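Residues per chain are reported as follows:
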Amino acid sequence: MNAADCLCSALALNCCQFAFLSQKKKSSPPRSIGSSSYPKNNNNDWMSKLDANKKLRDVVIPGTHNSASSTISKWALFSGVAACQNLTVHQQLNEGARYLDVRICGHKDDIVISHGIVKGGKLSDVVDEVEAFLCDNPKEFVIVEIKDETPMTSSQKHQVLHLIQSTFGERIITYTDLQTWFQLKQVTMGDIRRRQKNVLILIHNSFCFHRQGIEYDTNMVAKEFACFHNSTLLHDKWHNTTNSSDLMHRNLTHLRHLSRYDRDYMICNQLVLTPQPPRNVFDTVRLLFGLKSLQPISLVKQLYQKEDVLHCFVRDRPGLHWNIVSLDFIDCCPRFINFLIEINSSRSNT
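Okay, so let's go over this structure. None of the values given here were measured: they were computed from a predicted structure.

**Points about the overall build of the chain**
Consideration 1: When helices and strands are tallied, the chain shows 14 helices and 12 strands.
Consideration 2: Looking at the chain as a whole, 52% of its 350 residues are labelled buried.
Consideration 3: Pairs at least 24 apart in sequence give 79% of the contacts found in the chain among residues at least 6 apart.
Consideration 4: Of the roughly 15,200 Å² of accessible surface on the chain, a fraction of 51% belongs to carbon and sulfur atoms.

**With respect to the packing of aromatic side chains**
The description of two aromatic rings rests on the distance between their centres and on the angle between their planes.
Consideration 1: Tallying each qualifying case throughout the model produces six aromatic pairs.
Consideration 2: When the ring of phenylalanine 313 is compared with that of tryptophan 322, the centres are 5.6 Å apart and the planes differ by 70°; the resulting orientation is edge-to-face. By the burial criterion, phenylalanine 313 is buried, and tryptophan 322 matches it.
Consideration 3: Put simply, the rings of Phe141, Trp181 and Phe182 pair up and form one aromatic cluster.

**Remarks on helix H5 (residues 123-136)**
Consideration 1: Taking 1.5 Å as the rise per residue, H5 with 14 residues should run 20 Å; its terminal C-alpha atoms sit 20 Å apart, in good agreement.
Consideration 2: Within the sequence span of H5, burial applies to Leu123, Val126, Val127, Val130, Glu131, Phe133 and Leu134. Seen end-on, H5 carries its buried residues on one side only, within an arc spanning 160°.

**Describing the environment of isoleucine 214**
Consideration 1: Along the polypeptide, isoleucine 214 turns up in strand S8 (residues 214-216).
Consideration 2: What isoleucine 214 contacts, discounting residues up to four positions off in sequence, is Phe209 and Met220.

**Some remarks on unusual backbone geometry**
Consideration 1: Its identity as a non-glycine residue notwithstanding, glutamine 212 has a phi of 50°, on the positive side.
Consideration 2: Note on placement: glutamine 212 falls in the loop between strand S7 (209-211) and S8.
Consideration 3: We classify glutamine 212 as exposed; its relative accessible area is 68%.

**Considerations on the pattern of salt bridges**
Consideration 1: For the coordinates displayed, the defined rule picks out 12 salt bridges.
Consideration 2: A salt bridge links lysine 49 to aspartate 45; its shortest N-O distance comes to 3.5 Å.
Consideration 3: For lysine 49, a relative accessible area of 62% corresponds to the exposed category.
Consideration 4: When the shortest N-O distance is used, the salt bridge between arginine 250 and aspartate 246 registers 2.9 Å. Here aspartate 246 and arginine 250 lie together in helix H10 (residues 244-256), a separation of four residues that amounts to about one turn.
Consideration 5: Looking at aspartate 246, the relative accessible area reads 22%, which means it is partly exposed.

**Remarks on the pairing of strand S11 (residues 266-270)**
Consideration 1: Of all five residues making up S11, five are buried, and the element is well covered by its neighbours.
Consideration 2: Alignment of strand S10 (residues 234-237) against S11, held across four bridges, turns out to be parallel. Pairing of aspartate 236 across the sheet is with cysteine 268, part of S11.
Consideration 3: Pairing between S11 and strand S12 (residues 324-327): three bridges, direction parallel. Paired with cysteine 268 across the two strands is isoleucine 324, which belongs to S12.

**Here we look at the packing of helix H6 (residues 154-168) against helix H9 (residues 218-225)**
Consideration 1: For the pair H6 and H9, interaxial distance at closest approach is 10 Å and the crossing angle is 35°. Of the residues in H9, those touching H6 at His158, Leu161, His162 and Gln165 are Val221, Glu224 and Phe225.
Consideration 2: Here the contact of H6 with H9 is composed, by residue class, of three nonpolar, three polar and one charged.

Rules of the game
- All chains use their own residue numbering, which begins from 1 and follows the written sequence.
- Reporting of local features is limited, given that this is a predicted model, to residues whose pLDDT is at least 70; pairs of side-chain atoms are given and counted only at 80 or more, and all residues count toward the totals for whole chains, interfaces and linings.
- No hydrogens and no water enter the side-chain calculation; it runs on all heavy atoms of the structure.
- Labels follow the DSSP assignment, with helices taken as runs of H or I lasting at least four residues and strands as runs of E lasting at least two, numbered in each case from the N terminus.
- Burial classification: accessible surface area is computed with a 1.4 Å probe over protein chains only, and a residue below 20% of its type maximum counts as buried, one above 50% as exposed, and the rest as partly exposed.
- Any two residues whose heavy atoms approach within 4.5 Å are treated as being in contact.
- Surface exposure here means Shrake-Rupley accessible area, sampled with a 1.4 Å probe, where a residue is shielded only by the protein chains that are shown.
- Working definition: rings of Phe, Tyr and Trp (its six-membered ring) pair if their centres are within 6.5 Å, and the pair is stacked with planes under 30 degrees apart, edge-to-face with planes over 60 apart, and tilted otherwise.
- In this analysis, the expected span of each helix is defined as 1.5 Å times one less than the number of residues it contains.
- Note that the arc is defined by the directions from the helix axis to the C-beta atoms.
- The term salt bridge refers to a pairing of a side-chain nitrogen on Lys or Arg with a carboxyl oxygen on Asp or Glu at a separation within 4 Å.
- Any two strands with at least two DSSP bridges between them are considered paired.
- Note on geometry: axes are lines fitted to C-alpha atoms, helical ones only across the stretch in contact, with angles between N-to-C directions running from 0 to 180 degrees.
- Just so you know the grouping, Ala, Val, Leu, Ile, Met, Phe, Trp, Tyr, Cys and Pro go in nonpolar, Asp, Glu, Lys and Arg go in charged, and all remaining residues, Gly too, go in polar.

Below, the structure is given as structure tokens:
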């Protein structure tokens, strides 16, 4: 068997796994990490307990990577490779996540969740989950970043924006809000509660489109649909590595290159490991014999299996301005989620 054949075989054996076949792997990482002083709790209302004077930019916010990938059927081809979460979006919010990374694509006459070529449930169902959570917890604040995994038509883009606007209605942060009271340098949790505005929608450049003689650029989309280009409010960087030490080093470099006094932006640190395709024959052999995997759950062990790894990584660097922390499979690290939330009680208002 030559290298090319070996590569194809490895990918076939490793990628074409169904998520239901990896349930054992999903239970193998410990259910929690960190100090026993941070037990697992229901974090559905942790933001409501924050000081009213605390600025949003100073809040440490747990988030989830590829948040809606749990809607991908466990029987779908490649589902084991595409899944990055076990919990539904509503469950993630109850666990404490307040930043959601939602990947989508057009499918027939609808908009569905997507990770690469693998499709999941309807976007409308996911948006309804967020709305239901906010109805039950009106003092919480959720950031939703929407990314299209594959090119969409102008009609599909308009469909997404209209869905967002019609679902969240008066609770969505608008263009006028951004020009007045909702400025990251100064907006506080008290400001958000008083105005009963508790969802911020971020989108990507690809949501610009031309429809019925109207050019919808980022400014027009912001004004008409209250969906804002992510780069105007968020610094985010994907580190694309399988090594936990390398991941932490890259996150530190990312934070240190950003001024903690740049209050016009939120910062997202992705503490996420990314499976890599085989680079050589040795990698291919490891894939063939199951010593290497392309499933994200296989890498979670590196971050979650050792007590206090992430806990100490964040705790020992108090001088860095931690803001959004994005994670895979947050049900596997409840103590770390609670630790991130608890930081907000000790961090002084600035």
